[in-house]
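# Breakdown of the fold
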Number of protein chains: 2
Amino acid sequence: ESRLPGFATHQVGVAGAVVDESNGKVLVVQDRNKTKNAWKFPGGLSDPGENIGATAVREVFEETGVRSEFRSLLSIRQQHDLPGAFGASDLYIVCRLGPLSYDIDFCTHECSRCEWLQLAELAETANTTPVTSRVARLLLRGLERGFGDIDLPLEELRAVYSGAFYQLYQRQLER
Amino acid sequence: ESRLPGFATHQVGVAGAVVDESNGKVLVVQDRNKTKNAWKFPGGLSDPGENIGATAVREVFEETGVRSEFRSLLSIRQQHDLPGAFGASDLYIVCRLGPLSYDIDFCTHECSRCEWLQLAELAETANTTPVTSRVARLLLRGLERGFGDIDLPLEELRAVYSGAFYQLYQRQLER
């Protein structure tokens, strides 16, 4: 896509919103090292070569002990000059995950609290971040009317030249 | 989102699909240095600190001479081990743009052809890439039934701690 040689300019963080459709709850944590007691989705930085969905699943498990599987991509935030990013820009991607286990065993190094919270409560509370609040409202709408309106599902494709697989996330619509 | 210090692992490429809603055409190019004569959307790598939409508008202008404005984010591809990326992973984001001018004056260093092509033709032709083809079908559906079903619009928000603005792209749905 460019005549310039590539160079890495962005770190990629991925959060996982694990939604239990049976009871309308979502898995949230509070960071240990932040002053404000804000609920947020567990997540963290992608390792080199790691797929977006794999980062979400791994980080959710490391922080909360809950096993999950990738369902869709929901939201992308771009931020520059983030403290601690050493000049890199930051892409923060929120995925929807489905739970494979439910028992919480959270990492006390990273989190001070971890709970299955009602999505409706997360969508209303002031104790959260603007992005988490917006994603919660989106997920609530998904619970009520189906996730088809909010999901960017994954399609895996084979690259024309290298033959390697890549991941495409976009709206899936029947004609 | 992580206890680890940040480091850049990804390059971010952005393509712009400039759609002329008055006649159902979209602006496409053929790369000069690729063997296959594949139509694709103009685009290129983000400069450090540059917003996604700004990259799309800049690259479209540099390659085609057409001025445009950002409308929405449509599609995200993740690819690892891309030739020429020097070990960085690659995120390739496709945006929908609206035209502000129509005369083509394309960059002959980068492109061998540049045209306003019918979206219906781009959606059907074999002379394109898998991602371009999928985005073309998505845009065709948008032309027919409204872009509300396919768009991830931009919302600009202020960061809680730093006060800096950041950009959030996600589905916008009335309750």
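Provided above is the structure to which this section pertains.
These notes cover the structure that comes with them. Residues take numbers from 1 onward in each chain, read along the sequence in its written order. Ligands are numbered from 1 and chains lettered from A, in the order in which they are written. Restriction of local features to residues with pLDDT of at least 70 applies here, the model being predicted, together with a cutoff of 80 or more for giving and counting side-chain atom pairs; totals for whole chains, interfaces and linings are based on all residues. Excluding hydrogens and water, the side-chain values take into account all heavy atoms of the structure.

Another point: the interface of chain B and chain A. Across the boundary between the two partners, chain B contributes 69 residues, which contact 69 residues of chain A. Using a 1.4 Å probe, buried area is obtained as the accessible area two parts lose upon being combined, added over both of them. Taken together, the two surfaces of chain B and chain A that pack against each other cover about 6500 Å², and 56% of this comes from carbon and sulfur. Any carboxyl oxygen of Asp or Glu within 4 Å of a side-chain nitrogen of Lys or Arg constitutes a salt bridge here. Between the two partners, chain B and chain A, sit two salt bridges. Measuring nitrogen to oxygen at the nearest pair gives 2.8 Å for the salt bridge that ties E155(B) to R134(A). The term polar contact refers here to a pair of N or O atoms within 3.5 Å; inside protein, the definition further demands a hydrogen-donor-capable atom paired with an acceptor-capable atom, and it admits residues adjacent in sequence only when both atoms are side-chain atoms. On the surface where chain B and chain A come into contact, there are 21 residue pairs in polar contact (both at pLDDT 80 or more). Any two residues whose heavy atoms approach within 4.5 Å are treated as being in contact.

Before going further, it helps to spend a moment on the pattern of salt bridges. Overall, the coordinates contain 26 salt bridges over all chains when judged by the stated rule. D31(A) is paired through a salt bridge with K40(A); the nearest N and O atoms lie 3.3 Å apart. A salt bridge links R58(B) to E62(B), with the shortest nitrogen-to-oxygen separation between them at 3.4 Å. Here R58(B) pairs with E62(B), and both are found in helix α1 (residues 52–64), just four residues apart, close to one helical turn. Exposure categories follow from relative accessible area, calculated using a 1.4 Å probe and restricted to protein chains: below 20% of the type maximum is buried, above 50% is exposed, and the middle band is partly exposed. Its relative accessible area of 38% is what places E62(B) among the partly exposed residues. Sharing partners across several salt bridges, the network here consists of E21(A), E69(A), R71(A), R96(A) and D151(A). Per the convention used, a helix needs a DSSP run of H or I reaching at least four residues, while a strand needs a run of E reaching at least two, with both numbered from the N terminus.

As a further point, take the relation of the copies chain B and chain A. Expressed as a screw operation, the relation of chain B to chain A combines 0.0 Å of axial shift with a rotation of 180°, fitting to an RMSD of 0.0 Å. Such a combination of rotation and displacement between the chain copies is what one expects of a two-fold axis. By residue overlap, the copies meet face to face through one surface: 100% of the interface positions of chain B are interface positions in chain A. Only residues with pLDDT of at least 70 in both copies count here: their C-alpha atoms drive the least-squares fit that superposes the copies.

So, on to the environment of S112(A). Along the chain, S112(A) turns up in strand β7 (residues 111–118). Separated by 78 residues in sequence, S112(A) and K34(A) place their C-alpha atoms 9.7 Å apart.

Where a protein is soluble and globular, its nonpolar side chains tend to be buried together. Buried residues of nine kinds, namely Ala, Val, Leu, Ile, Met, Phe, Trp, Tyr and Cys, make up a nonpolar core once their side-chain atoms join them within 4.5 Å. One finds I52(A), L73(A), I52(B) and L73(B) to be the most contacted residues of the largest nonpolar core, which totals 40 residues. Excluding residues that lie within four positions of it along the chain, I52(A) makes contacts with V14(A), L73(A), I93(A), C95(A), Y169(A), Q78(B) and L91(B).

Here we take up the environment of Q167(A). Secondary-structure assignment places Q167(A) in strand β9 (residues 165–170). Owing to a relative accessible area of 4%, Q167(A) belongs among the buried residues under this scheme. Leave out the neighbours within four places in its chain, and Q167(A) touches N51(A), L154(A), E155(A), E156(A), I76(B), R77(B) and Q78(B). Within polar-contact distance, the side chain of Q167(A) engages the side chain of E156(A) at 2.6 Å.

Before going further, it helps to examine helix α3 (residues 130–145) of chain A. Residue and element names in this part refer to chain A. With 16 residues, α3 extends 23 Å between its outermost C-alpha atoms, agreeing within 8% with the 22 Å of an ideal straight helix rising 1.5 Å per residue. Here α3 has its buried residues at V131, T132, S133, R134, V135, A136, L138, L139, L140, R141 and G142. Where α3 terminates, the next one or two residues include G146, which has phi positive at roughly 100°. For a helix, the expected span equals 1.5 Å multiplied by the residue count minus one.

Take the side chain of T55(B) next. Residues and elements named next belong to chain B. Tracing the chain through its elements places T55 in helix α1. By relative accessible area, T55 is classed as buried at 0%. Discounting residues that sit within four places of it in the chain, T55 has contacts with V14, G44, L45, S46 and E50.

Residues and elements named next belong to chain A. One bridge is not enough; two strands pair if DSSP finds at least two bridges between them. Pairing analysis gives five bridges linking strand β8 (residues 154–158) to β9, with the strands arranged antiparallel. Residue E156 lies in a different strand from β9, and its bridge partner there is Q167. Following β8, the chain reverses through six residues before pairing antiparallel with β9; G163 in that reversal takes a positive phi of roughly 80°.

With that out of the way, let us pick up the packing of aromatic side chains. All names here are of chain A. Two rings belonging to Phe, Tyr or Trp (six-membered ring only in the last case) form a pair when the distance between their centres is within 6.5 Å. Interplanar angles under 30 degrees mark stacking, angles over 60 mark edge-to-face geometry, and anything in between is tilted. All chains considered together, the criterion is met by four aromatic pairs over all chains. Seen in terms of ring centroids, F70 and Y169 are 5.9 Å apart; in terms of plane orientation they differ by 70°. Their pairing is edge-to-face. Here F70 is found in strand β5 (residues 68–79), whereas its partner Y169 is found in strand β9, with 99 residues between them in sequence. Judged by centre distance (6.0 Å) and plane angle (35°), the rings of Y102 and W116 are tilted.

Residues and elements named next belong to chain B. The residue N23 is located in the loop between β1 (10–20) and β2 (25–31) in this model. By relative accessible area, N23 is classed as partly exposed at 34%. In this structure, the C-alpha to C-alpha distance between N23 and A88, residues 65 residues apart in sequence, is 39 Å.

Coordinates in, geometry out; function isn't part of it.
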